[in-house]
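Observations on chain architecture
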Amino acid sequence: QVQLMESGGGLVQPGGSLTLSCVATPSSSNVMGWFRQAPSKKREFVAAINWDGGIRNYGDFVNGRFIISRDNAKDTVYLQMNNLGLEDTAIYYCAARGRATIIGRRQADYSYWGQGTEVTVSS
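Notes on the structure follow. Note that the structure is a prediction, hence the values are computed from the model and not measured. (Residues numbered from 1 in each chain as written. Predicted model: local features only at pLDDT ≥ 70, side-chain atom pairs only at ≥ 80, totals over all residues. Heavy atoms only, no water.)

Some points on the pattern of salt bridges
- A full pass over the atoms with the stated rule returns six salt bridges.
- Note that D88 and R36 form a salt bridge whose closest N and O atoms lie 2.7 Å from each other. Of this pair, D88 sits in the loop between β8 (76–81) and β9 (90–96) while R36 sits in strand β4 (residues 32–37); the two residues are 52 residues apart in sequence, bridging distant segments of the chain. When sorted by exposure, D88 lands in the same class as R36, which is buried.
- A salt bridge links R97 to D109; its shortest N-O distance comes to 3.8 Å. (Salt bridge = Lys/Arg side-chain N within 4 Å of Asp/Glu carboxyl O. Helix = DSSP H or I, 4+ residues; strand = E, 2+ residues; numbered from the N terminus. Buried < 20%, exposed > 50% of the residue type's maximum accessible area, 1.4 Å probe, protein only.)

What follows is the structure, encoded as structure tokens:
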């Protein structure tokens, strides 16, 4: 079992930035992803990264605003979010794949989930 703990959410003004963190216990080489879910909306793919950080994928809405990265020595994956808008308000979830090494964009591709960290963008 992989335990995931997100942190870094909070209140930010439109145009602002936040960096989310996710710590995995125990350490692993899993493909890692970020998803988000806003009220009354489906959970959607935000970003994913492979084991060595060499391959990164982003959701269609990201448009260059976010950067996913990982520091395997710290068992941590990050999501740097810039130029946040009101539509980015959501609970952001960290997720880990199982043995598969291919980046996935679907909820079903991931085996382990954190409890989420809330991001609220408001003026």
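A closer look at the side chain of S21
- In this fold, S21 is placed in strand β3 (residues 18–25).
- In contact with S21, other than residues within four places in its own chain, are M5, E6, S7, W34, T76, V77 and Y78. (Contact = heavy atoms within 4.5 Å.)

Section: the state of the cysteines
- Enumeration according to the criterion identifies one disulfide in this entry.
- Shown here is the disulfide that connects C22 with C94, its sulfur atoms set 2.0 Å apart. Residues C22 and C94 are joined through a disulfide that is left-handed, its torsion about the S-S bond being -80 degrees. Of the two residues, C22 sits in strand β3 while C94 sits in strand β9, which places them 72 residues apart along the sequence.
- Judged by relative accessible area, which is 1%, C22 ranks as buried. (Disulfide = S-S within 2.5 Å.)

Some thoughts on unusual backbone geometry
- The peptide bond linking T25 to P26 adopts the cis configuration, its omega dihedral lying at -5 degrees.
- Mapped onto the secondary structure, P26 falls in the loop between β3 and β4.
- Even without a glycine there, the phi angle at N63 is positive, about 55 degrees.
- Looking at the element boundaries, N63 is found in the loop between β6 (56–58) and β7 (66–71).

A word on the pairing of β8
- With six bridges joining them, β3 and β8 adopt antiparallel strand pairing. For T19, the partnering residue across the bridge sits in β8 and is Q80.
- Of the pairings in the sheet, the one linking β7 to β8 comprises six bridges and is antiparallel in character. From the neighbouring strand, S69 faces β8, where its bridge partner is Y78.
- In this structure, the hairpin formed by β7 and β8 is closed by a connection of four residues, where D75 is found at a positive phi of approximately 55 degrees. (Pairing = 2+ DSSP bridges.)

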